[in-house]
Amino acid sequence: MSRAEPDRERLLPATLTHGGATRWISGLITDKPAPLSWFVIFAVCSVLLVVFLVSLTYLFSVGVGIFGINIPVAWGLPITNTIWWIGIAHAGTLISAVLLLTRQDWRASINRFAEAMAMFAIVCAGLYPLIHLGRPSFWYYLLPYPNTMGLWPQWRSPLVWDFFAITMYLLFTMSFMYLSLLPDLATLRDRAKSRLGQVSYGLLALAWRGDAAHWARYQRATLILAGCAAPIVCVVTGIVSTDLAVSIVPGYHFTIFPPYFVAGALFSGFATVALLAVVLRWMFSLQAIVTRIHLDYIGRMMLVFAMIVDYAYTQEMFTAWYSGEDHYRYVYIDRIWEGAYAPVWWTMIALNVGVAQLLWFKGIRRNPVALLLIAIAVDIGMWLERFQIVFTSTHADYMPSNWDVVWPTAWDWAVYAGSLGLFGFLLMVFLRVMPMVSLHDMRELIARKGAGSGHG
Amino acid sequence: MVGKSEVLRGHDMHWIRIDRYFEGQPEAPSMIFQPVTCMHCENAPCEYVCPFAATQHSAEGLNEMIYNRCVGTRYCSQNCPYKVRRFNWFTYTDKDAPHSTPPPAHNPDVTVRSGGVMEKCTYCVQRINAVKIAAARTDEPNNGRIADGAIVTACQQACPTDAIVFGDVADETTRVSREKASPLDYDLLGDLNTRPRTSYKAAVRNPNPAIGSPDAPYVEKGRVKG
Amino acid sequence: MAESAYGLIARFETADDLLAAVKALRADGMLGIQAYSPYPVAGLADELDAGSRGVALWSLISATLAGIATYVMQWYAAVIDYPYVVGGKPLNAWPAFIPPTVSMVLLFAVLGAVIGMAVGNRLPQPYHPAFNVDEFAHASDDGFFLLVTHSAQGDDNHSELGKRLHDLKATSIVEVPR
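Visitor: Quick question: what am I supposed to make of the pattern of salt bridges here?
Guide: When charged atoms on two side chains of opposite charge get close, those side chains can pair. Residues and elements named next belong to chain A. One pass over the structure, following the stated rule, counts 27 salt bridges over all chains. A salt bridge links D441 to R107, with the nearest nitrogen and oxygen atoms 3.3 Å apart. One end of the pair, D441, is in helix α15 (residues 439-449); the other, R107, is in the loop between α3 (77-101) and α4 (111-132), with 334 residues separating them in the sequence.

Visitor: Help me out: how do you make sense of the interface of chain A and chain B in this one?
Guide: The extent of an interface is frequently quoted as the accessible surface area lost upon association of the parts. The interface of chain A with chain B comprises 51 residues on the first partner and 44 residues on the second. Both faces combined, the contact of chain A with chain B buries some 3700 Å², and carbon together with sulfur accounts for 58% of it. Along the contact surface separating chain A from chain B lie one salt bridge. Measuring nitrogen to oxygen at the nearest pair gives 2.9 Å for the salt bridge that ties A:D397 to B:K83. Between chain A and chain B we count 32 residue pairs in polar contact (both at pLDDT 80 or more) in total. The set of elements that each furnish at least two residues to the side of chain A that touches chain B consists of α5 (158-191) and α7 (212-245) of chain A. A class-by-class count of the residues in the side of chain A that touches chain B yields 29 nonpolar, 17 polar and five charged.

Visitor: What is the right way to look at the sheet that holds strand β4 (residues 170-176) of chain C in this model?
Guide: Strand pairing in a sheet is mediated by backbone hydrogen bonds. Such pairs are either parallel or antiparallel. Residue and element names in this part refer to chain C. Pairing within the open sheet is antiparallel, and its four strands lie in the order β2-β3-β1-β4. Two strands in the sheet have a free side with no partner beyond their single neighbour: β2 (33-36) and β4. Shown here is a sheet whose adjacent strand axes are inclined to one another by a mean of 20°, direction ignored. The pairing of strand β1 (residues 7-12) with β4 spans six bridges and is antiparallel. Each bridged residue has a counterpart across the sheet, and for I9 the counterpart in β4 is V174. Helix α1 (residues 15-27) rests against β1, β2 and β3 (144-149) of the sheet, and its axis sits at about 20° to β3.

Visitor: Would you explain the side chain of A:D379 in this entry?
Guide: Tracing the sequence through the fold places A:D379 in helix α13 (residues 368-395). Within the buried core, A:D379 has no salt-bridge partner, and the shortest N-O distance to an opposite charge, that of A:R386, equals 9.4 Å.

Visitor: Just checking my understanding: could you explain the packing of helix α9 (residues 292-323) of chain A against helix α11 (residues 342-354) of chain A for this structure?
Guide: Helix-helix packing: each pair is described by the crossing angle between the helix axes and the interaxial distance. Residue and element names in this part refer to chain A. At a minimum axis separation of 10 Å, α9 and α11 run at an interaxial angle of 140°. The residues of α11 that touch α9, namely those facing D310, Y313 and M317, are W345, M348, I349, N352 and V353. For the contact of α9 with α11, the per-class residue count stands at six nonpolar, one polar and one charged.

Visitor: Teacher, can you tell me more about the interface of chain C and chain A here?
Guide: Tallying the contact residues gives 62 residues for chain C and 57 residues for chain A. When chain C packs against chain A, the two sides together hide about 5100 Å² of surface, and 70% of this comes from carbon and sulfur. The interface formed by chain C and chain A includes one salt bridge. Inspection of the region where chain C meets chain A yields 18 residue pairs in polar contact (both at pLDDT 80 or more). Elements with a minimum of two residues in the side of chain C that touches chain A: β2, α2 (44-47), α3 (53-81) and α4 (94-120) of chain C.

Visitor: Can you help me understand the side chain of C:S172 in this one?
Guide: Residue and element names in this part refer to chain C. The residue S172 is located in strand β4 in this model. S172 gets classed as buried once you look at its relative accessible area, which sits at 18%. Separated by 2.9 Å, the side chains of S172 and E135 make a polar contact.

Visitor: Looking at this structure, how should I read the confidence of the model for chain B?
Guide: Do not read the fine detail of predicted coordinates wherever pLDDT is low. All names here are of chain B. Averaged over all residues, the pLDDT of chain B is 87; the fraction at 70 or higher stands at 91%. Below a pLDDT of 50 lies the segment residues 218-226, which in the model reaches 52 contacts outside its immediate sequence neighbourhood of four places, other chains included. If you check the scores for this complex, the pTM reads 0.92 and the ipTM reads 0.92.

Visitor: Mind showing me how you'd approach a nonpolar patch on the surface here?
Guide: Residues and elements named next belong to chain C. Residues I68, V72, W75, Y76 and I80 make up a contiguous nonpolar surface patch of about 460 Å² in total accessible area. Structurally, the position occupied by V72 is in helix α3. By relative accessible area, V72 is classed as partly exposed at 44%.

Visitor: I keep staring at helix α6 (residues 195-204) of chain A and nothing clicks. Help me out?
Guide: In an α-helix there are 3.6 residues to a turn, and that puts residues three or four apart on one side. Residue and element names in this part refer to chain A. For α6, every residue scored as buried is listed here: G197, Y201 and G202. An end-on view of α6 places all buried positions within 120° of arc, on one side of the element. Away from the buried face of α6 by more than 90 degrees, exposed residues R195, L196 and L203 are located. L206 lies just past α6 and shows a positive phi near 55°.

Scoring rules and cut-offs
- The residue numbers shown here count from 1 along each chain, following its written sequence.
- Chains carry letters from A onward and ligands carry numbers from 1 onward, assigned in written order.
- In keeping with the model being predicted, local features are shown solely for residues with a pLDDT of at least 70 and side-chain atom pairs are shown and tallied solely at 80 or more, while totals for entire chains, interfaces and linings include all residues.
- Hydrogens and water are ignored here; the side-chain numbers use all heavy atoms of the structure.
- Take a side-chain nitrogen of Lys or Arg and a carboxyl oxygen of Asp or Glu: if they are within 4 Å of each other, that pair is a salt bridge.
- Numbering of helices and strands runs from the N terminus; a helix is a DSSP stretch of H or I covering at least four residues, while a strand is a stretch of E covering at least two.
- In this analysis, two residues are considered to be in contact whenever any of their non-hydrogen atoms come within 4.5 Å of each other.
- Note on terms: buried area is the combined drop in 1.4 Å-probe accessible area of two parts once they are placed together, counting the loss on both.
- Counting of polar contacts relies on pairs of N or O atoms within 3.5 Å, with two restrictions inside protein: one atom must be capable of donating a hydrogen and the other of accepting it, and residues adjacent in sequence are counted only when both atoms are side-chain atoms.
- Put simply, Ala, Val, Leu, Ile, Met, Phe, Trp, Tyr, Cys and Pro go in the nonpolar bin, Asp, Glu, Lys and Arg in the charged bin, and everything else, Gly too, in the polar bin.
- Should DSSP find at least two bridges between two strands, the strands are regarded as paired.
- Working convention: axes come from line fits to C-alpha atoms, limited for helices to the stretch in contact. Angles between N-to-C directions cover 0 to 180 degrees.
- Three exposure classes are used, based on accessible area relative to the maximum for each residue type with a 1.4 Å probe and protein chains only: buried under 20%, partly exposed in between, and exposed over 50%.
- Positive charges come from Lys and Arg alone, negative charges from Asp and Glu alone, with His and the N- and C-terminal ends not counted.
- How sure the predictor is of each residue is captured by pLDDT, a score from 0 to 100.
- Surface patches are drawn from residues lacking salt bridges whose relative accessible area is over 30%; two like charges belong together within 9 Å, two nonpolar side chains (Val, Leu, Ile, Met, Phe, Trp, Tyr) within 5 Å.
- To be clear on the numbers: accessible area is Shrake-Rupley with a 1.4 Å probe, and residue cover counts the displayed protein chains and nothing else.
- Directions from the helix axis toward the C-beta atoms define the arc.

Next comes the structure, spelled out in structure tokens:
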């Protein structure tokens, strides 16, 4: 397969017409039942969702002490997972937006499920700060108005900045998702067989009719959103990273964190896009439009961000040494060999630095199974990175009398597995009600490169 | 009370702890100890990271913990370099809690904290306020100043060697101001610029090597509060 | 031909045919042309003089207002309404006011653009006569349509327009009832 000549490899079949694309993609929803694999994944995710709900009920009734956290390690898995989930969301945004601005054709078939991935990852990321609170029923003290006792939120706290940033990111992703779906909702409205389908899609489609003047404003709006997306990605993860960077804790207090976390977010995000690309193309037989070329390019993006993350690791350690500060130097001595969490650090390096190097090889990037395994490894590796930053920094900070080693409890894992279930559940439902490939983006691609271009 | 299993997990609730440092031979180590409470830092790193303004600095210099505003993000604990803040991981004071203190045993002057809120040493704010209220009620002219030694914190009262001193550092005549003026006065982790109000006074010992063995335990540090 | 018809709608097989037809009719001086496609066809909106600057204006204005409002709100709360000291930091903590302000600027740029698009397009407009034509369902699929309103045709003979469209490679031409 790697012997195919590059200029004969196509991003989509030469014979695909507009009508063909419509029938194929919308047919996955309206005409055919879901494949067996969908039912299996849906069932597993439903079970995990129940686990999630049960765990949260127990958590909210008993208290946050069920997690593996104490003094000094007061932030554990909930904060680790907030950062991990937000990171996964970012690649969806980048694909939707930055690849649009740079006019990358390979964006057309993958941006829809990447956006959906971003949407549902943000839902999970938004739930975790609530899960981590000691008294979650008072979350509304964060709302910017003078509430109880006339107090406003305390603006100097990065957690207040987080609230604004994550809310902004959630609403942005919803807007982008809705805008992207709008013309496709019209397609489904026109093709729906049941009255319920026609009415539901019809309402959501806002009576879209494909008027050329409307398309002009649509494209302008999409361009503005795409232009905002790159700053949004930097601002959101940058602000989330200031939760750590603004703190005076030795392992947290680095100015490198905002760009480092953005790179890490995109690294794990593209890994998750790769994972979904491989799984979905297999489940729904989309190989002709989510091709090995797409896998190759996604793999290259993973590699770019892997290199940035790996460079950031070296800079972290160099800065700590160069600072001359004993506490900062000790963070790395503890992380790398003296502390109880050293195995976590080494596993992280093996996955994020070692395994990621396999992405240099085109044959590996283009192989779905290999890319899937690497994507899973990277997702795990980036999770371990968040884990070791959050846990090791406070476990051995300024005063040795406070040092302690804490590990996550069963409830930590139950809630985490539950959040994975929630993500999968929402994604599976999405795949059954919305086109998993953007039809109007595919049509533009077909017009340029496929059979629908009217060139004969 | 939180019980043994909670303490083993690191969920203990002591507002004052005694840090012990050992040196010398393992068979006969000498020990240095240091009581640590909330330092009530002027540049408190815990204050500016609370998203709800549940911990603020009073005009008198106390780092105030506002229990009913705390939502339990625990950012303040993360940012405290001394790790003096404690958290109510569960509702330890609920009557159904495993080791709940019976209500008659609670100090009536100290707020009972619910689950999910931070707490820490308050410089015995209930004692400070009691003295201030009593002074405001009398007709004696005192120009708003409390007599030196009128406010005694609980740890100061308990200390048999009078090693803890509390008072008004804005008044140069108080005992605490005189102690802090000593060249032996130092701040714990002072280079972090937290400007703690609690400072320590180094004890200087110079044991004559002719008396006793060099390995005899000795005490090095006392402390001074203000 | 019924006087009460909204207009005439013609279907074309390819985007190029539609674009050529629109160009030809515009060259004739025809107004009241609407074009429909399942994806944005390059050059089509320009031919119809369809503007889209309103979207950017909505976006810019809402972003600016949101930024100012967020900054002023924070300043007012911290300096005037309920000032207190935390960590020895100044009351007017302008570096801390920046992240929420930037977040709100970006959010309202986005929301402004979406609302600007909806308002400019007058969406949702649940009733449009074109939906009365069954074949129009292909506008969201694989068909390219051109609609000339009755009023724009003026006194022109309906069938003349029909012939013209046929010459321009329309595959089906249908009257659009109101």
